[in-house]
Structure formats: C-alpha cells, structure tokens
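# An overview of the molecular structure
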Amino acid sequence: LGRGGFGEVYLAEMAGRGGLASEAALKVLRRDLAPDGAAVQRLRDEGRHLARLDHPAILKVHDLVILDGRVALVTEYVAGEDLEGCLRGADPPGPRALVEVVGRVASALDAAWSAPLGEDGRPLRLAHRDVKPSNIRIGRFGDVKLLDFGIARSDEVTREARTQTDMMIGSPPYMAPERFLDNEVRVASDLYALGATLLEGVLGRRAFDLPVTMLAAHAVDRSRYEVYLDGLLAEVAAADPALLSLVRE
C-alpha cells in the first residue's frame, strides 16, 4: 500500500479464531533497523497509544507482532484515499465535504486529548503532532480516519522513543509556530495543523509551503507571521467568505 523511510505498509489477511478472516493493514519496519532504535520504539509507542483510544475517526489497532524477524503493527484497513490524494485529484472535495472531514478529525483530536487514562479519570492529554492531509484517510463509504500516531506524545504516560531534537519531529508546513520554539504538549498545536489542512483545501495549495528557516523566522517574529497570515486569510475571503471565521479560529 505504501513505502517510507522506515518500512512498508501492506494489505494483509488476518485469520481469527474459527477460521474467520478479515482484511488488515500491516505496517512493517525494515529488517535492518536496530531492535532498540527510535523507529522500533516509535512503532511500539504508536501501538500503545492507539490501543488506549476508542473513536470512530481514529484507526483501530489489532496487534503488535514480530513477523519473520520484523516488527509490525496490525491495524484496520480502510479502503479509500488519503485526503492529500483527494485534494490533488481531478475532483477535489468541496467546502461542505472538507468541513465535514475537518470536523471529524477535530473530534478525534479531542478524544485523544480527553480520553481517561486510569481509574481516577484524569485525561490522557495525547497530542498527535503530525496532523496533515496524508495522515487523514477518507474511506470509500465516507468514513474518516486519523492515521499515524507514531510521534504522538502525552506527558501523562511514558514513551519509549526519546530524542534531543524531539521538538522538530513533524511536518514543518503544518507545525504551529510554538513547535519551533519548545517541546510542550499542546492540543492547540494539533488544531493549528488541522487549520493548515483546511487552508490547503480551500486555497488548492499548501498554505505554509516555505523553507524551514522562514517558518522558524515566523515563530520568533510575530508581526512577520501575522503579515503572511493576513495574506492567506484575504485569499480565503475571496475564495469562500463563509469559511473565513473557521479558518481564522
């Protein structure tokens, strides 16, 4: 189904008890990755995070296994297309469909942040940290799934994966300015990324497709950032005034 720097994703058949079989997605890491390396640790973190969550717009995880010496995460398979592919296609989603998708992802983010962690009822406070069109799956029957919790973080639970450059892990065009300055876990940063995704759908192009140095400059110079943002909002007002207040928020 796809290939990245750390492995591949396959469409697989999962056999259950009684001989029942169902389709599943299999995220398999490269064989040469160290068992105690960051990629393996992140995959285990992703499996543990997903196992804690129960929401119709969050991908369900079935198991974390070793297959032929390779670490693999088994999740539900959603037949369809990533939002990125939909936006780049010949018939991109209109405003109503786009807002519906964004609303469902917002609900998923709220669920990840508010999910109860233990018997005392305290919230998990899990931030996704990599919300972008390619991590939003649109099913052929209209379902919406938020994918890839590999770099998600909560200060309430212990992660295996740790790195000195943790604050810069993510996709810069969708990272909130504060992500360039500190490593705090904020649900607001996810909402910013979701807003950048909505902007992309409205404008028909990536809104913050700038060099990382310029994005970092926006983070430290508020006035410079606001001038750039005002230009984007002016384009939204011209393209679809009804969405201006939602994008601005």
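Residues numbered from 1 in each chain as written. Predicted model: local features only at pLDDT ≥ 70, side-chain atom pairs only at ≥ 80, totals over all residues. Heavy atoms only, no water.

Before going further, it helps to examine the overall build of the protein chain. Secondary structure summary: the protein chain contains 7 helices and 8 strands in total. Scaling as 2.2 N^0.38, a compact globule of 249 residues should have a C-alpha radius of gyration of about 18 Å, and the protein chain matches this with 19 Å. Each principal axis of the C-alpha distribution contributes one length, and for the protein chain these read about 60 × 40 × 40 Å. Counting across all 249 residues of the protein chain, residues that qualify as buried make up 44%. (Helix = DSSP H or I, 4+ residues; strand = E, 2+ residues; numbered from the N terminus. Rg over C-alpha atoms; globule rule 2.2 N^0.38 Å. Buried < 20%, exposed > 50% of the residue type's maximum accessible area, 1.4 Å probe, protein only.)

In this section: the nonpolar core. Within the largest apolar cluster, 55 residues are counted, with the highest numbers of intra-cluster contacts made by L53, V105, I136, F149, L199 and F208. Not counting residues up to four positions away in its chain, the partners in contact with I136 are E81, D82, L83, V101, V105, V144, K145, L146 and T197. In this structure, L26, V28, A72 and V74 belong to the second largest nonpolar core, which totals 5 residues. (Core = buried A, V, L, I, M, F, W, Y, C linked by side-chain atoms within 4.5 Å. Contact = heavy atoms within 4.5 Å.)

We now examine the layout of surface pockets. Of the pockets and cavities examined, the largest pocket occupies roughly 1,000 Å³. For the largest pocket, the lining is made up of 32 residues, of which V9, K27, E46, N135 and D148 are closest to its centre. Taken together, the residues of the lining of the largest pocket sort by class into 14 nonpolar, 8 polar and 10 charged. Taken as a whole, the second largest pocket encloses approximately 560 Å³ of empty space. For the second largest pocket, the lining is made up of 25 residues, of which L191, Y192, V247, R248 and E249 are closest to its centre. Every element with two or more residues in the lining of the second largest pocket is listed here: α3 (95–114), α4 (187–203), α5 (212–220), α6 (222–239) and α7 (244–248). Considering every element that reaches the lining of the second largest pocket, the biggest residue donor is α4, with 8 residues. (1 Å grid on protein atoms, 1.4 Å probe; cavity = no way out; pocket = protein on both sides within 12 Å on 5 of 7 lines; lining within 4 Å. Points joined across faces, edges and corners; volume = space filled by probe spheres on them. Nonpolar A, V, L, I, M, F, W, Y, C, P; charged D, E, K, R; others polar.)

Looking now at the sheet that holds strand β3 (residues 21–29). Across the sheet, which stays open at both edges, the 5 strands sit in the order β1-β2-β3-β5-β4 with antiparallel pairing between neighbours. Each edge of the open sheet is held by one strand with a lone partner, namely β1 (2–3) and β4 (61–67). Along the sheet, helix α1 (residues 38–52) makes contact with β3, β4 and β5 (70–76), crossing β5 at roughly 25 degrees. (Pairing = 2+ DSSP bridges. Axes fitted to C-alpha atoms, helices over the stretch in contact; angles between N-to-C directions.)

A few words now on empty space enclosed by the protein. Over the atoms rolls a probe the size of a water molecule, and its path tells where empty space is left. Considering all chains together, one arrives at 3 cavities of 30 Å³ or more under this definition. The volume enclosed by the largest cavity comes to roughly 70 Å³. Around the largest cavity sit R129, D130, V131, S171, Y174, M175, A176, R179, S189, D190 and A193, which together line it. Residues of the lining of the largest cavity, tallied by class, amount to 5 nonpolar, 2 polar and 4 charged. Computed from the structure, the second largest cavity encloses a volume of approximately 60 Å³. Each residue belonging to the lining of the second largest cavity can be placed in one class, and the counts come to 9 nonpolar, 1 polar and no charged.

Moving on: the packing of aromatic side chains. Taken as a whole, this structure holds 2 aromatic pairs when the rule is applied. Ring plane angle 35 degrees and centroid distance 5.9 Å describe the contact between Y192 and F208, whose orientation is recorded as tilted. Separated by 16 residues along the polypeptide, Y192 in helix α4 and F208 in the loop between α4 and α5 bring together distant segments of the chain. Relative to Y228, the ring of F208 has its centre 5.8 Å away and its plane inclined at 45 degrees; by these criteria the two rings are tilted. (Phe/Tyr/Trp six-rings, centres within 6.5 Å; stacked < 30°, edge-to-face > 60°.)

Attention now moves to the packing of α4 against α6. To characterise two packed helices, one gives the angle between the axes of the helices and the distance between these axes. Packing of α4 against α6 brings their axes to within 10 Å, and their N-to-C directions diverge by 45 degrees. Between α4 and α6, the angle is such that the two are oblique. In the packing of α4 onto α6, the handedness of the crossing is left-handed. The residues of α6 that touch α4, namely those facing Y192, L199, V202 and L203, are Y225, L232, E235, V236 and A239. Within the contact of α4 with α6, the residues separate by chemical class into 8 nonpolar, no polar and 1 charged. (Parallel < 35°, antiparallel > 145°, perpendicular 65-115°, else oblique. Left-handed = near helix turned anticlockwise from the far one by under 90°.)

It is at 5 Å that the axes of α5 and α6 come closest, and there the two elements cross at 115 degrees. By the angle between their directions, the pair α5 and α6 is classed as roughly perpendicular. Both α5 and α6 take part in a crossing whose hand is left-handed. Contacts from M214, A217, H218 and V220 of α5 reach α6 at R222, R224, Y225 and Y228. Tallied by class, the residues present in the contact of α5 with α6 amount to 5 nonpolar, 1 polar and 2 charged.

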